[in-house]
Amino acid sequence: MMDELKQQFYEVMHKYQKPFSEEGVVANLTQWYEQKQGLLQLLRRHPLWNEKELAIVFRVEERREIDHATVDETRTAILELARKACPDDTEYEYFSAALHAATADYARIPDEYRLDAIRRYGGIKCAPGQKASRIINRLCLKFHLDQIEEKAEAGEPGNRYMRTVKPYNAWFARLADALNPAYVEKTAVLSIHPCDFLEMSNRDNTWSSCHCLEHGSYRGGCQSYMGDAVSMIFFTVSDAYTQDFYTAPRITREIFCYKDNVLLQSRLYPTDLEDQKTLYRSIVQQAIAACLDKPNLWSVKRGKEAEHYCESAADSNHYPDYEYGYAVVSLLKGETNYGKMTIGSVARCVCCGGEQKDHRSIRCNECGSMFICKACGKTVHGHGRYIDGHFYCRECSYRCAACGEAFIGAPRIGIARSGEQCGICPACYEQVIGVCGYCTIRADCLSIGANRFCPNQMNGLAA
């Protein structure tokens, strides 16, 4: 198992072009294996446990009804944007009247008798049977709400800054979701696979977070969660993925932690919607209860009441969402012993394997650039060539003298017009051969030095 996990860890490092060594990867996996033993033995008791994925794999059915409260909230926010986009009172009143007509029925498709008011006040085309969200978007674009810019606070606590954003898209997306009921089936995964922690914010997602290895400000947090004794990753993926879930873009993702009859649920990315959190919490509660062979009965604590059951490990690198109002703690009913869990761990440098306390990185400051060649498996210090998503050393890769592109494998030999031998890639070699195939004296070219004068050579090279 460890050899396969090591290769998968390598693949993630290659993907994000991160320096790493066998020593550093083994140190991370060793800490993961030692600390996750309790969770591993617990989760293996579940009937849906998948040993290859190191996860419980579920089918999840999500039903979303029209959310009246969210419709009201987002409509108010959109009207505030309209006030900025429509300085003329009459223009604003027209927009407001059209928006209220489109949302008055809290329906996916407005009643037909509303359409005249939308056309009259909004000045847009709309037909019977059109979705309310489509009508609203057309209305908002007509009044230029998408051009409104605002200042918004960003960053993490202690490192906050102001940036300029256009808020319309986010508000419209939320309103559209609230107006469109849905029934969705997904694959859900409750995992302790080390690469699921590395990819907890996969760069291929439609969203990102501070734990993304590509550009996140808490990259070291992936190892911090990976190396503790309590953290699990819960995420949903497209049905297109049936294995190697660590490679799949996440639709949603959140951290769950378990110890001594206490289950903690942290923030749900990307939306933190309460109905989804409730559904996912019930799934994980049921899974843990099944593994414990106990009744699935829990009491829930939030806010200040939840703070007593968790703490962050000293010198841990993860971003503790659960400390900022997102934590929901579930206590297994009928128990008297409820422990306090320590979340996170000191991360291990992926290069030297030593302690690494910089949350912005996955390696320590002392380690230089290094990587493991995909072809020969050697740890190489310095810079290699990055080809087709992997690192290669200079013994296993070459740069074509004709086209200048790097390629894997041994070069073909071409003769320059100067008479010198040059390494060229297979593609360039085939082009040269294709040209030379038309020449009746090809067999004699090298012996008489005709390559120096041949007009058909590509970039001055002949085979």
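Treat the numbers as computed from the prediction; the structure is a model and nothing was measured.

Draft legend 1. Summary view of unusual backbone geometry. Residue Pro-270 follows Tyr-269 across a cis peptide bond; omega there is 5 degrees. In this structure, Pro-270 sits in the loop between strand E8 (262–269) and helix H11 (274–292). Residues other than glycine seldom take positive phi values, yet Asp-293 does so here, at roughly 60 degrees. Positionally, Asp-293 belongs in the loop between H11 and strand E9 (298–302). Positive phi outside glycine occurs at Asp-388, with the angle close to 50 degrees. Examined against the element boundaries, Asp-388 turns out to sit in the loop between strand E17 (385–387) and strand E18 (390–392).

Draft legend 2. Main features of the environment of Ile-251. In this fold, Ile-251 is placed in the loop between strand E6 (231–237) and strand E7 (252–259). A C-alpha to C-alpha distance of 7.8 Å links Ile-251 and Thr-206, two positions 45 residues apart in sequence. For Ile-251, the residues in contact, after removing those within four places along its chain, are Lys-186, Trp-207, Thr-236, Val-237, Ser-238, Tyr-269 and Pro-270.

Draft legend 3. Representation of helix H7 (residues 132–142) within the structure. Those residues of H7 that sit buried are Ala-132, Ser-133, Ile-135, Ile-136, Leu-139 and Cys-140. Axial view of H7: buried residues confined to an arc of 160 degrees, hence all on one face. The elements touched by buried residues of H7 are helix H4 (68–85), helix H5 (89–103), helix H6 (115–122) and helix H8 (168–179). Two residues or fewer after H7 comes His-144, characterised by a positive phi angle close to 65 degrees.

Draft legend 4. Fine view of a nonpolar patch on the surface. Together, Met-1, Met-2 and Tyr-33 make up a nonpolar patch on the protein surface, roughly 260 Å² of accessible area in all. Classification of Tyr-33 as partly exposed rests on a relative accessible area of 36%.

Draft legend 5. The arrangement of the pairing of E7 in detail. Counting buried positions along E7 gives seven out of eight residues, so the element sits mostly inside the fold. Between the antiparallel neighbours E7 and E8 lie two residues, among them Asp-260 with a positive phi of about 45 degrees.

Definitions and cut-offs
Residues numbered from 1 in each chain as written. Predicted model: local features only at pLDDT ≥ 70, side-chain atom pairs only at ≥ 80, totals over all residues. Heavy atoms only, no water. Helix = DSSP H or I, 4+ residues; strand = E, 2+ residues; numbered from the N terminus. Contact = heavy atoms within 4.5 Å. Buried < 20%, exposed > 50% of the residue type's maximum accessible area, 1.4 Å probe, protein only. Arc of directions from axis to C-beta. Patch = residues over 30% accessible without salt bridge, like charges linked within 9 Å, V, L, I, M, F, W, Y side chains within 5 Å. Areas by Shrake-Rupley, 256 points an atom, 1.4 Å probe, with all protein chains shown as cover. Salt bridge = Lys/Arg side-chain N within 4 Å of Asp/Glu carboxyl O. Pairing = 2+ DSSP bridges.

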